[in-house]
2 protein chains.
Amino acid sequence: MKYRAKVEISLKPGLSDPEGETSAESLVDLGFKIREVGISKVYNIYLEANSEEEVYTRVDEMCKKLLANPVKDNYKIHVERIE
Amino acid sequence: MKYRAKVEISLKPGLSDPEGETSAESLVDLGFKIREVGISKVYNIYLEANSEEEVYTRVDEMCKKLLANPVKDNYKIHVERIE
């Protein structure tokens, strides 16, 4: 079965997010009224597997081994069957 | 009222995504079986407004003026009231 795993990686709370701060400043410079901007990154991973549980397990391992930095990142995994 | 607008910016279909391709290659090198990886970026924008509609309108303008590149990007806006 074919799945899409959506992994959203964001900075742990309290850590400085320079890209978000710069985006916020640029938006304010353009006249927009906002309070804060935080940036996260999404990996859409397309893979084949036998079950949703298998996808979670494999993608969680991908996060731990490559995609997320345990010191600074939090991540959320959302799995969807696409076929 | 306080809102969070989540803006997900992804490449238009068919455009080359070198970061996604590199991530896919690295995952394969690590022994993971996957078909494809696509990367998108999320801006979490915190702002005050009088209604959800107002948030959509303002954030759509932010996308058009700064956050998304109309030539290469698609974007989706999701609004949530947080207070």
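Shown above is the structure to which this text applies.
What you see is a predicted model; the values in this text were computed from it and never measured.

With that out of the way, let us pick up the overall build of chain A. Secondary structure summary: chain A contains 2 helices and 3 strands in total. The N-to-C order of helical and strand elements in chain A reads β-α-β-α-β. A compact globule built from 83 residues should have a C-alpha radius of gyration of about 12 Å, whereas chain A, at 16 Å, is more than 25% larger. Within chain A, the fraction of its 83 residues that count as buried is 40%. For chain A, restricting intrachain contacts to residue pairs at least 6 apart in sequence, the fraction spanning at least 24 positions comes to 71%.

With that settled, the discussion passes to the interface of chain A and chain B. Counting from both sides, the interface comprises 31 residues of chain A and, opposite them, 31 residues of chain B. Of the roughly 2,800 Å² buried where chain A meets chain B, counting both sides, 60% is carbon and sulfur surface. When the buried surface of chain A facing chain B is broken down by residue, Phe32, Arg35 and Tyr46 of chain A rank first, second and third, together holding 21% of it. Counting every contact that joins chain A to chain B gives 5 salt bridges. The shortest N-O distance in the salt bridge between Glu19 of chain A and Lys41 of chain B comes to 2.3 Å. Inspection of the region where chain A meets chain B yields 14 residue pairs in polar contact (both at pLDDT 80 or more). Among the secondary structure elements, those contributing two or more residues to the side of chain A that touches chain B are strand 1 (2–11), helix 1 (18–29), strand 2 (36–48) and helix 2 (52–67) of chain A. Ranked by residue count, the leading element in the side of chain A that touches chain B is strand 2 of chain A, at 13 residues.

All right, on to the relation of the copies chain A and chain B then. Note on the copies: chain A fits chain B at an RMSD of 0.0 Å, the axial shift is 0.0 Å, and the rotation between them is 180°. When the rotation and shift are considered jointly, the pair of chain copies conforms to a two-fold rotation axis. Residues of chain A ranked by C-alpha distance from the rotation axis are headed by Lys41 of chain A, positioned 2.3 Å from it. Most of the interface of chain A is mirrored in chain B: 100% of its interface residues are interface residues there too.

Turning our attention to the pairing of strand 2 (residues 36–48) of chain B. Bridging between strand 2 of chain A and strand 2 of chain B involves 11 bridges; their strand directions are antiparallel. Its bridge partner lying in strand 2 of chain B, Gly38 of chain A is registered against Asn44 of chain B. Of the strand pairs in this sheet, strand 1 (residues 2–11) of chain B and strand 2 of chain B are connected by 9 bridges, and their pairing is antiparallel. Bridging from a neighbouring strand, Ser10 of chain B pairs with Ser40 of chain B of strand 2 of chain B.

Looking now at the sheet that holds strand 1 of chain A. Across the sheet, 6 strands lie side by side as 3(A)-1(A)-2(A)-2(B)-1(B)-3(B); this open sheet has antiparallel pairing. Two strands lie at the open edges of the sheet, namely strand 3 (73–81) of chain A together with strand 3 (73–81) of chain B, each paired on one side alone. Taking each pair of neighbouring strands and ignoring which way they run, the sheet shows an average axis angle of 20°. The strands touched by helix 1 of chain A are strand 2 of chain A together with strand 2 of chain B; relative to strand 2 of chain A, the strand with the most contacts, the crossing angle is about 125°. Of the strands in this sheet, strand 1, strand 2 and strand 3 of chain A are in contact with helix 2 of chain A, which crosses strand 3 of chain A at around 150°.

Right, let's get into the environment of Glu8 of chain B. Turning to its location among the elements, Glu8 of chain B is positioned in strand 1. Each C-alpha atom of the pair Glu8 of chain B and Cys63 of chain B lies 10 Å from the other, and the pair is 55 residues apart in sequence. Discounting chain neighbours no more than four positions away, the residues touching Glu8 of chain B are Lys6, Val42 and Asn44 of chain A together with Ser40, Lys41, Val42, Asn74, Tyr75 and Lys76 of chain B. Side-chain polar atoms of Glu8 of chain B contact the side chain of Lys6 of chain A, separated by 3.0 Å.

Definitions and limits used
Residues numbered from 1 in each chain as written. Chains lettered and ligands numbered in written order. Predicted model: local features only at pLDDT ≥ 70, side-chain atom pairs only at ≥ 80, totals over all residues. Heavy atoms only, no water. Helix = DSSP H or I, 4+ residues; strand = E, 2+ residues; numbered from the N terminus. Rg over C-alpha atoms; globule rule 2.2 N^0.38 Å. Buried < 20%, exposed > 50% of the residue type's maximum accessible area, 1.4 Å probe, protein only. Contact = heavy atoms within 4.5 Å. Buried area = accessible area lost by both parts, 1.4 Å probe. Salt bridge = Lys/Arg side-chain N within 4 Å of Asp/Glu carboxyl O. Polar contact = N/O pair within 3.5 Å; in protein donor to acceptor, adjacent residues only side chain to side chain. Least-squares fit on C-alpha atoms with pLDDT ≥ 70 in both. Pairing = 2+ DSSP bridges. Axes fitted to C-alpha atoms, helices over the stretch in contact; angles between N-to-C directions.

Remember that the coordinates give geometry; whether it matters functionally is a separate question.
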